[in-house]
Amino acid sequence: MEKSIKIVWRITFGGIIAFVLFLLLCNWGVFGKMPDIDELQNPSASLSSQVYAQDGSLMGKYYLQDRVNVDFKHISKPVLDAVVSTEDERFYDHSGVDLRALGRAFAGLGKDGGASTITMQTAKNLFTDNWATKNFLVRSIQKFKEAIIAVKLEKNFTKDEILTLYLNTVAFSDNVFGVRNAAKTFFQKEPDSLNVKEAAVLIGMLKGATLYNPRRNYKIALDRRNVVMNQMVKNNKLDKTQYDSLKTQPIELNYRKLDENAGLGPYFRMILGEELKKWCKEHTKSNGKNYDLYKDGLKIYTTINPKMQQYAEEAVSKHISEMQKILNTQGNIKSGSVWKGRENVLEAAMKQSDRWRNMKTEGTDDSTIVKSFYTKTKMKIFAWNSKREADTVMTPYDSIKYCRQMLQAGFMVMDPITGEVKAWVGGIDFKNFKYDHVNFNTKRQVGSTIKPLLYGLAIEDAGFTPASMVQDVQQSFGSYGLVPATSKSCTGATMPMAQALAGSRNCASAYIIKQLDNSGNNGAKRFVDFLKRCDFKTKLDAYPSMALGACEISLYEMMQGYTMFPGRGFNVQPMFITRIEDRNGNVLESFIPKRKEVISDITAYSVIKMMEGVMNFGTGRRIWNYDVKGAIAGKTGTTNDNSDAWFMGYTPQILAGTWVGCDDRFIRFNSTALGQGASAALPIWAYFYEKASRDPACGLDVTSTFAKPENLTNDIIIDGLSGFTPIPGGEIEDGGAGSSSEYGEESNNEYGGDNSNQNSSSNSNENQATDEHKNKPENKPKTESKHTPPATEPNKNQKPKAVLPKQNK
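Residues numbered from 1 in each chain as written. Predicted model: local features only at pLDDT ≥ 70, side-chain atom pairs only at ≥ 80, totals over all residues. Heavy atoms only, no water.

### Quick notes on the overall build of the protein
Move 1: The helix and strand inventory of the protein stands at 29 helices and 24 strands.
Move 2: Evaluated residue by residue, the protein yields a buried proportion of 55% over its 809 residues.
Move 3: Restricting to contacts in the protein with at least 6 residues of sequence separation, those with at least 24 account for 71%.
Move 4: Put simply, the protein shows about 35300 Å² of open surface, and 51% of that area lies on carbon and sulfur atoms. (Helix = DSSP H or I, 4+ residues; strand = E, 2+ residues; numbered from the N terminus. Buried < 20%, exposed > 50% of the residue type's maximum accessible area, 1.4 Å probe, protein only. Contact = heavy atoms within 4.5 Å. Areas by Shrake-Rupley, 256 points an atom, 1.4 Å probe, with all protein chains shown as cover.)

### What to know about the sheet that holds strand S20 (residues 633-639)
Move 1: Spatially, five strands are ordered S9-S8-S22-S21-S20 in an open sheet, and the strand pairing comes out antiparallel. Edge positions in the sheet fall to strand S9 (421-425) and S20, since each of these pairs with one other strand and no more. Averaged over all pairs of adjacent strands, the angle between strand axes in this sheet comes to 5 degrees, irrespective of strand direction.
Move 2: Across four bridges, the pairing between strand S8 (residues 408-414) and S9 is antiparallel. Looking at S9, one finds that Met414 is bridged to Val421. (Pairing = 2+ DSSP bridges. Axes fitted to C-alpha atoms, helices over the stretch in contact; angles between N-to-C directions.)

### Looking at the pairing of S20
Move 1: Across the seven residues of S20, seven count as buried, placing the element largely inside the fold.
Move 2: Residues of S20 alternate between two faces, with Ala633, Lys635, Gly637 and Thr639 on one and Gly634, Thr636 and Thr638 on the opposite face, all of them buried.
Move 3: The pairing of S20 with strand S21 (residues 644-650) spans seven bridges and is antiparallel. Among the inter-strand pairings, Thr638 is bridged to a residue of S21, identified as Ala645.
Move 4: Between the antiparallel neighbours S20 and S21 lie four residues, among them Asp641 with a positive phi of about 60 degrees.

### A closer look at empty space enclosed by the protein
Move 1: As enumerated under the stated definition, the model contains three cavities of 30 Å³ or more in all.
Move 2: Space inside the largest cavity adds up to approximately 60 Å³.
Move 3: Taken together, 13 residues make up the lining of the largest cavity; nearest its centre are Leu407, Asn642, Val660, Gly661 and Phe669.
Move 4: Listing elements by their share of the lining of the largest cavity, those giving two or more residues are S21 and strand S22 (655-661).
Move 5: Residue classes in the lining of the largest cavity are distributed as seven nonpolar, four polar and two charged. (1 Å grid on protein atoms, 1.4 Å probe; cavity = no way out; pocket = protein on both sides within 12 Å on 5 of 7 lines; lining within 4 Å. Points joined across faces, edges and corners; volume = space filled by probe spheres on them. Nonpolar A, V, L, I, M, F, W, Y, C, P; charged D, E, K, R; others polar.)

### A closer look at the nonpolar core
In globular proteins that are soluble, nonpolar side chains generally tend to be buried together.
Move 1: Of all hydrophobic cores here, the largest spans 148 residues; its most connected members are Phe411, Trp424, Leu453, Phe527, Phe565 and Phe688.
Move 2: Per-element tally for this core: the top contributor is helix H13 (residues 306-328), with nine residues.
Move 3: Beyond its immediate chain neighbours, meaning those up to four positions away, Phe527 contacts Ile450, Leu453, Leu454, Leu457, Ile513 and Met546.
Move 4: In this structure, Leu80, Ala183, Ala199 and Ile251 belong to the second largest nonpolar core, which totals 45 residues. (Core = buried A, V, L, I, M, F, W, Y, C linked by side-chain atoms within 4.5 Å.)

### Notes on the side chain of Arg180
Move 1: Along the chain, Arg180 turns up in helix H8 (residues 179-187).
Move 2: With relative accessibility at 18%, the residue Arg180 sits in the buried group.
Move 3: Reaching out from Arg180, the side chain makes a polar contact with the side chain of Glu190 at a distance of 3.0 Å. (Polar contact = N/O pair within 3.5 Å; in protein donor to acceptor, adjacent residues only side chain to side chain.)

### Points about helix H10 (residues 218-234)
Move 1: Over its 17 residues, H10 extends 24 Å from the first C-alpha to the last, a length consistent with the 24 Å expected when each residue adds 1.5 Å.
Move 2: Residues of H10 that are buried include every one of Ala221, Leu222, Arg224, Arg225, Asn226, Val228, Met229, Gln231, Met232 and Val233, and no others.
Move 3: The elements touched by buried residues of H10 are helix H3 (77-87), helix H9 (196-204) and helix H11 (240-246).
Move 4: Positive backbone phi, approximately 60 degrees, marks Asn236, located one or two places after H10. (Expected span 1.5 Å × (residues − 1).)

### Focus: the state of the cysteines
Move 1: According to the stated counting rule, one finds one disulfide in the structure shown.
Move 2: Covalently, Cys490 is tied to Cys507 through a disulfide, its sulfur atoms 1.7 Å apart. Classification of the bridge connecting Cys490 and Cys507 rests on its S-S torsion, roughly -70 degrees, and on that basis the disulfide is left-handed. Of this pair, Cys490 sits in the loop between strand S13 (482-483) and strand S14 (494-496) while Cys507 sits in helix H21 (residues 506-515); the two residues are 17 residues apart in sequence, bridging distant segments of the chain.
Move 3: Overall, the relative accessible area of 0% leaves Cys507 in the buried class. (Disulfide = S-S within 2.5 Å.)

### Observations concerning the packing of helix H19 (residues 451-462) against helix H22 (residues 524-533)
Move 1: Remark: H19 packs on H22, axes separated minimally by 10 Å, with the N-to-C direction vectors making an angle of 100 degrees. With respect to their mutual orientation, H19 and H22 come out roughly perpendicular. Residues Leu453, Leu454, Leu457, Asp461 and Ala462 of H19 pack against Arg526, Phe527, Phe530, Leu531 and Arg533 of H22.
Move 2: Within the contact of H19 with H22, the residues separate by chemical class into seven nonpolar, no polar and three charged. (Parallel < 35°, antiparallel > 145°, perpendicular 65-115°, else oblique.)

### Considerations on helix H27 (residues 682-692)
Move 1: Here H27 lies mainly inside the structure; nine of its eleven residues are buried.
Move 2: The complete set of buried residues in H27 reads Leu682, Pro683, Ile684, Trp685, Ala686, Tyr687, Phe688, Tyr689 and Ala692.

### Here's the deal with the pairing of strand S18 (residues 587-590)
Move 1: Note: strand S17 (residues 577-581) against S18, three bridges, orientation antiparallel. Counted as the bridge partner of Ile580 is Glu589 from S18.

### Quick word on the packing of aromatic side chains
Move 1: All chains considered together, the criterion is met by 22 aromatic pairs.
Move 2: Both rings, one in Phe91 and one in Tyr92, keep their centres 5.0 Å apart while their planes meet at 75 degrees; by these two values the pair is edge-to-face.
Move 3: The exposure class assigned to Phe91 is buried, which follows from its relative accessible area of 0%.
Move 4: What makes Tyr92 partly exposed here is its relative accessible area of 46%.
Move 5: Pairing Trp339 with Phe666 gives two aromatic rings, centres 5.4 Å apart and planes at 85 degrees, and the pair type is edge-to-face. (Phe/Tyr/Trp six-rings, centres within 6.5 Å; stacked < 30°, edge-to-face > 60°.)

### A short note on the pattern of salt bridges
Move 1: In this structure the tally under the stated criterion is 38 salt bridges.
Move 2: Of the charged contacts, one joins Glu420 and Lys422 as a salt bridge, the two residues approaching to 2.8 Å between their closest N and O atoms.
Move 3: Of the residues examined, Lys422 reaches a relative accessible area of 8% and is grouped as buried.
Move 4: The salt bridge partner of Arg568 is Asp601, with a shortest N-O separation of 2.9 Å. Here Arg568, found in the loop between helix H23 (555-562) and strand S16 (570-572), pairs with Asp601, found in helix H24 (residues 601-617); they are 33 residues apart in sequence, far enough to count as distant.
Move 5: In the salt-bridge network here, residues are joined through shared partners; they are Lys380, Glu389, Asp391 and Lys431. (Salt bridge = Lys/Arg side-chain N within 4 Å of Asp/Glu carboxyl O.)

### Things to note about the sheet that holds S17
Move 1: Strand order in this open sheet of five strands is S2-S1-S5-S17-S18, and the pairing throughout is mixed. On the outer flanks of this sheet lie strand S2 (58-62) and S18, each paired with one strand and no other. The sheet shows a mean angle of 20 degrees between the axes of neighbouring strands, taken without regard to direction.
Move 2: Sheet topology note: the strand S1 (residues 49-52)/S2 ladder contains four bridges and is antiparallel. Bridging from a neighbouring strand, Val51 pairs with Gly60 of S2.

Okay, here's the thing in structure tokens:
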């Protein structure tokens, strides 16, 4: 008997020693890393970085886990009562481990509830491998680690602090973490505004985030909500009468989740994210590690004006949706003949698709994959409706054609003085078309929008004035040949430079660049050097055809280039971040405008007055059909067989630019009357400005005027548009960049691209194309809309006399 007792005692003491040793080993991190004192005193979970607009409103987030912290004082009492009543009734009585709950769990093998306290769950969320396992041994070790950490947490934090940590780290459904994000996502409220019903819904989800998600399983979520409220009654946190009333009421959600596709400015947020990742690589935290955009809870304050961004997105949608209808009725689009000889484009698109990659990963051979692209299937496609999608049945091959035939657009708005970007629209729908058409890496032919820059150089460096006479005659450039390559767009007339810009005369522009020759390179080298001074980063080849816009530049760069006109000679770099803060609100970096003078104030004013002439007398005259008011200067641009349509316009307070076209350049309007900048691009600018100028939140004053330089005296003002009258009964069409045949031999490879097989004489000049359009009724849209307004004389009250200065030399 004594021997048996000894054995029992040895086993008992041995077990106790082994258990203590096991706990020590757990604490020492033998079974997995344990937090040190510093980590316990400064716990941190992965926090999403937040992007704020100019007015402080939240635009979006970058995250792996969508979590944002909230202080205890900003959590409503119903939330606190619900979580304690449901998750840990004796939370305020234990020291991290509830021995009574532990005993109950062991006795019932977990059937009567778990043993984890709120503190233990917080430890799990913060410091242990937060993943489920069916391995009893592994899970047991994890539980002991959680218990040890829980006890330490209780020593370092108050109960309220632990409760706050728990509510900030707990997972809800839909990849939402923390009570603040859950409140914002499911109810569009801050957590301090949640009532009993709403609090019970959210806390009820903690038992099973997906199962009790009211969006997915409403009835189950409703029952669970009532269970939580009943627990509150049992713990004297809710009156029984109130409970009886609330349990019969439905769940009322106001669900809206911010993700990469939703929210304001998704294209902007994508570009911003890339810039921020670069910033993180160049900046380190106090521990020497680089910042992590997706984990460190940075706060990024931007220059975006929410109202301007909204109006910009609406303007793009309004105009492009109508233009798409017109393009879809075009013969070669409707019949599909536009793809004849372009099968290689479709084949490349097939091989880049998710369908091809997925089937290839599964080991399917190429012939079977190709066959699947010709099999009709149910799918969702982009559509110009309120949902921006439609259910249909078509072959994947046809869906590729359908998507690539969509007109795209880029639209950017900025303050020309400070450089602050106010709106950024990179395309027609971010969910379906991720490619951004504003940013530096997206380059398209700029056409006639290059001309104000050329004319500015001529005034600044070569003694020209808006009244200087120029010849609208085809020019010879020696080995470079003739520019334009054909003389069809040349009038042969001599006219003031201001009139040449208003009419967008190609041959006059060729004449001007030839007059800049001081290096044996026909002025093109001088022009390229000037553009470099204006911070154009794109590599530009010094061809004389640059005068026609035969160069590919991004909308982003063109915007910066144009700032020197309303900026009174100062070029300013676009800026879209004002400051970056860490999770605690400490400013990590602030940003200021970067400006430099590139032309004189008088030159800038000269170009402004000429560009006002474009809007009042020239290719931009239809702007006044859109009910806009005030001083507006601008320039249209139309390129290579209507592949690209541009409009760059500004007022004394705002600069905006837009590009419209298809990603495949051979998909385009056959009619220049439809495809030119004045028709395809300018209306977006007009729709935007019409709304923005009427909204006080945008801060625009339509009565403001362009400031006249102080050293510009009246006796040197010359009216370069004197006697210039628009074509009776119609608009002056944009001379643009003409067709591919107009650039000369040196541009065939660089700019021909997908247009190289097109009929080179199809649009030799825009006036001719318009006449052809008028003679072919079948090419006209069936309905007339404000997007393609009839050519009419502008209101006489909106045709101020253009006063153009002469620069002193």
